[in-house]
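# What the coordinates show
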Amino acid sequence: EESGPGPKVLIVDDDRTQAEILSRVLELDGFRVSCAFDPHAALEMVRRDRPDGVVSDLKMPGMSGLDLFAEVQMLDNPPLFIIITAFGTLETAVDAMRAGVDDFITKPIDTGELTVKLDKALRVRSLESENTRLRQTVDALRERVHIVGSSRPMQEILATIEQVSRSQATVL
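Residues numbered from 1 in each chain as written. Predicted model: local features only at pLDDT ≥ 70, side-chain atom pairs only at ≥ 80, totals over all residues. Heavy atoms only, no water.

Attention now goes to the overall build of the chain. When you go through the chain residue by residue, the secondary structure sums to 6 helices and 5 strands. Its helices and strands in sequence order give the chain the pattern β-α-β-α-β-α-β-α-β-α-α, from N to C terminus. Its C-alpha atoms give the chain a radius of gyration of 20 Å, clearly above 16 Å, the size a compact globule of 172 residues would have. C-alpha extents for the chain along the principal axes are approximately 60 × 35 × 30 Å. In the chain, which comprises 172 residues, the share counted as buried stands at 36%. Sequence separation of at least 24 residues holds for 60% of the intrachain contacts in the chain that already meet a minimum separation of 6. Carbon and sulfur atoms provide 53% of the accessible area of the chain, an area that totals close to 10400 Å². Here the chain contributes 20 positive and 29 negative side-chain charges, whose respective centroids are spaced 6 Å apart. (Helix = DSSP H or I, 4+ residues; strand = E, 2+ residues; numbered from the N terminus. Rg over C-alpha atoms; globule rule 2.2 N^0.38 Å. Buried < 20%, exposed > 50% of the residue type's maximum accessible area, 1.4 Å probe, protein only. Contact = heavy atoms within 4.5 Å. Areas by Shrake-Rupley, 256 points an atom, 1.4 Å probe, with all protein chains shown as cover. Lys, Arg positive; Asp, Glu negative; His and termini not counted. Charge placed at Lys NZ, Arg CZ, Asp CG, Glu CD.)

Printed below as a string of C-alpha cells:
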C-alpha cells in the first residue's frame, strides 16, 4: 500500500514487523511508502512503480540486499538505495558503499537517522539530475549559437546566458 504526498520509498525486509514500523515512521515524515517482504517481489515493484528510493535489509532469504541493489542498478535511472542490517560490520559497510549503495544503517534503526539519510540522498540525487539537465541545456545552446570557447570566463558567460534565457526581461 502506498500513502502520503512526498517521495516514493520502497522498504524491503523479510521481517514484516520491522518493515511496517519503518513504513509508518516514514509516512509520518511525508514519504509515500510501499513494502515488499521478499527481494524478488521488491525487484518487480521497483520495475513497475519506479520509487525514488529503496531501503533494504541486507540479509534476506533468496537474495541479499546487495544482490537486490545490483539488480536494481541495471535499470534506467535507478532509485537511491540504502542498506539496513543487524550485521553491521565495518567491512560490510565498506563493501556496500564500494558497490555504490547510497548509504548504510545498522539495526536497531534510529528512525530519525534514516529520515535524515533519505532526505539527504534524495536532495543529492535531485541536484545531480538538475546539474545534468543544465549541462545538456548549455551544450544544446552552445551547438545552436555556435559559440566556440572552453575557457573558464567563456563557460561562466554561457552559464549566465543559460540562466537569463528563461527570463522575459530585457538583458543587457
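Back to the write-up after that little detour.
Moving on: the packing of aromatic side chains. In this structure the tally under the stated criterion is 1 aromatic pair. Across from the ring centre of Phe37, 3.9 Å away, lies the NZ or CZ of Arg16, which sits over that ring. (Phe/Tyr/Trp six-rings, centres within 6.5 Å; stacked < 30°, edge-to-face > 60°. Lys NZ or Arg CZ within 6 Å of the ring centre and 35° of its normal.)

Attention shifts here to the environment of Lys107. In this fold, Lys107 is placed in the loop between strand 5 (103-106) and helix 5 (111-145). What makes Lys107 partly exposed here is its relative accessible area of 24%. Separated by 44 residues in sequence, Lys107 and Ser151 have C-alpha atoms that sit 50 Å apart. Excluding residues within four positions of it along the chain, Lys107 makes contact with Asp13, Asp57, Ile84, Thr85 and Ala86.

Once that is clear, we can look at helix 1 (residues 16-28). An ideal rise of 1.5 Å per residue puts 18 Å on 13 residues; helix 1 measures up with 18 Å between its terminal C-alpha atoms. N-capping of helix 1 is provided by Asp15, with a side-chain oxygen placed 3.1 Å from the backbone N of Thr17. Gly30, located one to two residues past helix 1, shows a positive phi value of around 95°. (Expected span 1.5 Å × (residues − 1). Polar contact = N/O pair within 3.5 Å; in protein donor to acceptor, adjacent residues only side chain to side chain.)

All right, on to the packing of helix 2 (residues 39-49) against helix 3 (residues 65-73) then. At a minimum axis separation of 10 Å, helix 2 and helix 3 run at an interaxial angle of 25°. Relative to helix 3, the element helix 2 lies roughly parallel. For the pair helix 2 and helix 3, the crossing hand works out as right-handed. Contacts from Pro39, Ala42, Leu43, Val46 and Arg47 in helix 2 reach Leu68, Glu71 and Val72 in helix 3. (Axes fitted to C-alpha atoms, helices over the stretch in contact; angles between N-to-C directions. Parallel < 35°, antiparallel > 145°, perpendicular 65-115°, else oblique. Left-handed = near helix turned anticlockwise from the far one by under 90°.)

Let us look at the pattern of salt bridges. A side chain of one charge can pair with a side chain of the opposite charge if their charged atoms are brought near each other. Tallied over the full model, the rule gives 10 salt bridges. Glu44 serves as the salt-bridge partner of Arg47, at 2.8 Å between the closest nitrogen and oxygen. In this pair, Arg47 and Glu44 both sit in helix 2, 3 residues apart, roughly one turn of the helix. The class for Glu44 is partly exposed, based on a relative accessible area of 44%. Arg152 serves as the salt-bridge partner of Glu156, at 3.6 Å between the closest nitrogen and oxygen. Placement of both Glu156 and Arg152 in helix 6 (residues 152-164) is noted, with a separation of 4 residues, approximately one turn of the helix. With relative accessibility at 66%, the residue Arg152 sits in the exposed group. Taken together, the shared-partner salt bridges in this structure form one network comprising Asp13, Asp57 and Lys107. (Salt bridge = Lys/Arg side-chain N within 4 Å of Asp/Glu carboxyl O.)

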